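Below are the chains, spelled out letter by letter.
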Amino acid sequence: MNTPQESSGTNQPRSGAAAVPLQSSVGPMDQFAYDNKIVVWFAYATAFWGIIGMLAGLLAALQLTFPSLSFNAAATTFGRVRPVHTNAVIFAFVGNGIFMGVYYSLQRLCKARMWSDKLSKIHFWGWQLIIVAAAVTLLAGYTTGKEYAELEWPIDILITVIWVVFGWNMFGTILKRRERHLYVAIWFYIGTWVTVAMLHIVNSMELPFSMLKSYSAYAGMQDALVQWWYGHNAVAFFLTTPYLGLMYYFLPKAANRPVYSYRLSVIHFWSLIFLYIWAGPHHLLYNALPGWAQSLGTVFSVMLIAPSWGGMLNGLLTLRGAWDKVREEPVLKFMVVAVTAYGMSTFEGPMLSLKTVNAISHFTDWTIAHVHVGALGWNGFLNFGVLYWLIPRIFRTELYSRKMANAHFWIGTLGIVFYTVPLYIAGLMQWSMLSQFTPEGTLKYQFLEAVQAMRPYYMLRSIGGLLYLIGAFLMCYNLFKTIRMGKALDNEPAQALPLERQQLVEKHGKEHWHRWIERRPIQMLLWSFVVVAIGGIIEFVPAFMVKENVPTISSVKPYTPLELEGRDIYVREGCYTCHSQQIRPFRDEVARYGEFSKAGESIYDRPFQWGSKRTGPDLAREGGKYPDSWHFNHMYEPTSMSNGSIMPPYPWLFRRTIDAGQMPAKIRAMQTLGVPYPEGYDQQAVKDMAEQAAGIQKRLAADKINIKSDKEIVALIAYLQRLGTDIKAEQAAGGAPMP
Amino acid sequence: MKFRNYLETISGIGILPVISLLIFFLFFSALLVWVVKSRKQHFTDMEQLPLEDGSENLSLSSSES
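Since the structure is predicted, the reported quantities are computational estimates derived from the model, not experimental observations.

Comments concerning the pattern of salt bridges
Residue and element names in this part refer to chain A.
Moving on, step 1. Considering all chains together, one arrives at 27 salt bridges over all chains under this definition.
Moving on, step 2. Between glutamate 565 and lysine 666 there is a salt bridge, and its shortest N-O distance comes to 3.0 Å. In this pair, glutamate 565 sits in helix H21 (residues 561–572) while lysine 666 sits in helix H25 (residues 663–672), placing the two residues 101 residues apart along the sequence.
Moving on, step 3. Judged by relative accessible area, glutamate 565 falls into the buried class, the value being 6%.
Moving on, step 4. For lysine 666, a relative accessible area of 4% translates into the label buried.
Moving on, step 5. A salt bridge links aspartate 568 to lysine 666; the shortest N-O distance between them is 2.9 Å.

Structure, rendered in structure tokens:
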């Protein structure tokens, strides 16, 4: 629909008293209209994908208690459902929520309609296409195997294009604005845009070898460093900074009072974006990452408390003297809990990055609880608050039922408590059980005993998730009824003086230099980029420049073609969502899994598969622990080998045939990336693969198992049996002790 | 069992966190000076921006607050 959105010079008087002298001296105001339609579209998408993402989360949660809910199908196993949940919640629910809030607030803060309605539409539909493509490919098993960056290269390119469209539209709007100063919310939007662009491009560097598959441009430790620089800052610049922008706009709007301290918001913005970018390595404490990088991550994480709490207090103190409104108004209730959850998780985050605390929390459900305080409390509740505030305004009516919104608030809050508290307990229990020794010096508990002990807590967590979801359904119904009652104001009329005429009446005098940045969005963009790039560069340059100095362990060799194929299957099935491949240098981990992991061991791992959560045991030294037949039976029916296991069965691996046709392309891609396969090995690889598979087939046959050698399970067994064995070969040969 | 890794052997790498901290300290000091020296009136104007969006008097409904 095309409506006349912009016109100037239609001489309509403004009724505000302050405007009168301006108008008489410098001419008429511009008449224009805000585009509410695009905001409503993004609002619908936020609510819709929120429900989908939460449903996927609920299914994944239930699968941990009832493994049969995997339905024996590839697409519905935990390893594929979990990435769908995380991607849907982050990029669909929160992503659309960001765009909804930005498109509403940016227009009003700039006193201008969005730069181009066409770009707005391309942005909207492009983003929805990305989400659908992501869901389909993830369920089909196309994944890069890097958390929250699982999408494969064609979708990565599409994300880049659509992100540029968003930026173009945003900067176009900012450049044609009728308000000279950029309010702090816009700073957060600009910082978000530039940083997410940088993170996405750097972490998505990959070499395609087929239409939908690629290998990471980085390997092992370097891949881990880049990935957690990305992963941590996805939390920072996708889940936090844009929402802070929304907080600084919508909280004052909803409370009808200015932000508590604008000075504080300036400090909040610059110190937050400066500090956040350094903190990524705290995801890799005690991992095979250089010690200085780990310390850097810890120091900057701890410092993050200051700006985060400054921001939280700024939000809460905005409501000073208005707490009576909070009691009445569901919108404010949601916002207060959101800001409080922000404060809680930004206090907990730095604590978790202390090495001693991290030793306990890492790889356990504590981390899951922590992120859900942020996701359910901060992002979810702020989204709900904004939706309850926006929809009645745009549809020119009152909210259908305040009572229902209050019910949503309480059910949602209960849901958060029921979700997080059991997982905090579960996390501590996992650590406690897995690290205990008997007086004789042996491990007190088997891994499976810890898994069994988790089941009631996983069940409670599912109930928490269900409550939260019920709340979200209530909201959808409430908003639906509200929309039915009202009529959308697609183009909201507004008026303002154009910038050039404002200048005529402003005093010219000495101005503070900082306004030079504040008024100029491009400078703001460049400075934000400089500030966030410093941290990344200081972390990456040494880690990459000294690549030659990695003490390559002479016995660590590239994967054989069959193992590589098996590794790709391991990645495809999302094994990393439950199994780590990183033994930390702790007594219990070494006793349970074997010698701790070295950086030199994963130099051919593209992507790295160190993992972040141990729902199952670590697999870094799985090779040679069990016979081939054990793995065969275990993958077919896990409980037959591990009584009480909650791992789903993988029957399709026994039916599907290895796609040997792709192997030459895979070898060539690896060679391009620097893996030392001999010249022309791509032609030899298929033959080698068949030979190694025949060997496994023979060993299985000796245990009375008959399977064709070209089935996927054979490749997976080859990979699992290789894991962590190179170092043993070095020790058997009397090699030098590991550094 | 001490956890070591290969970058520890590079001389002077320990200075990096100190340099990083210094960069932040300088950055933060400059920021504080900027904020403290700014005029109060400017901040008072800025914080009003969300509350006046140019459509107040043209709204079709009076329920706007």
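Digging into the environment of aspartate 53 of chain B
Moving on, step 1. Of note, aspartate 53 of chain B is situated in the segment after helix H2 (40–47).
Moving on, step 2. Apart from residues no more than four positions distant in its own chain, aspartate 53 of chain B is found in contact with Tyr34, Arg108, Lys111, Tyr249, Lys253 and Ala494 of chain A.

Remarks on the packing of helix H5 (residues 153–175) of chain A against helix H6 (residues 184–203) of chain A
Residues and elements named next belong to chain A.
Moving on, step 1. Between H5 and H6, the least distance of the axes is 11 Å, while the angle of their chain directions is 155°. It follows from the interaxial angle that H5 and H6 lie roughly antiparallel. With respect to the hand of their crossing, H5 and H6 are arranged in left-handed fashion. Between H5 and H6, the residues in contact are Asp156, Ile159, Thr160, Trp163, Val164, Phe166, Gly167, Met170, Phe171 and Ile174 and Ile186, Tyr189, Ile190, Thr192, Trp193, Val196, Ala197, His200 and Ile201, respectively.
Moving on, step 2. Of the residues contributing to the contact of H5 with H6, the split by class is 14 nonpolar, four polar and one charged.

A few points about the nonpolar core
Residues and elements named next belong to chain A.
Moving on, step 1. Ranked by size, the top nonpolar core spans 183 residues in total, and within it Trp127, Trp187, Trp270, Trp378 and Phe384 carry the most contacts.
Moving on, step 2. For this core, the element with the most residues is helix H3 (residues 78–110), which contributes 18 residues.
Moving on, step 3. Of the domains in this structure, domain 1 (29–489 + 516–537) and domain 2 (561–732) are the two that each give at least three residues to this core.
Moving on, step 4. Excluding its chain neighbours within four sequence positions, the residues that come into contact with tryptophan 127 are Phe91, Gly95, Asn96, Phe99, Ile122, Ile159, Ile162, Trp163 and Phe238.

A short note on the environment of alanine 690 of chain A
Moving on, step 1. Along the chain, alanine 690 of chain A turns up in helix H26 (residues 681–702).
Moving on, step 2. For the pair alanine 690 of chain A and alanine 715 of chain A, spaced 25 residues apart in the sequence, the C-alpha separation amounts to 10.0 Å.

Criteria and cut-off values
- Residues numbered from 1 in each chain as written.
- Chains lettered and ligands numbered in written order.
- Predicted model: local features only at pLDDT ≥ 70, side-chain atom pairs only at ≥ 80, totals over all residues.
- Heavy atoms only, no water.
- Salt bridge = Lys/Arg side-chain N within 4 Å of Asp/Glu carboxyl O.
- Helix = DSSP H or I, 4+ residues; strand = E, 2+ residues; numbered from the N terminus.
- Buried < 20%, exposed > 50% of the residue type's maximum accessible area, 1.4 Å probe, protein only.
- Contact = heavy atoms within 4.5 Å.
- Axes fitted to C-alpha atoms, helices over the stretch in contact; angles between N-to-C directions.
- Parallel < 35°, antiparallel > 145°, perpendicular 65-115°, else oblique.
- Left-handed = near helix turned anticlockwise from the far one by under 90°.
- Nonpolar A, V, L, I, M, F, W, Y, C, P; charged D, E, K, R; others polar.
- Core = buried A, V, L, I, M, F, W, Y, C linked by side-chain atoms within 4.5 Å.
- Domains from an automatic or database assignment.

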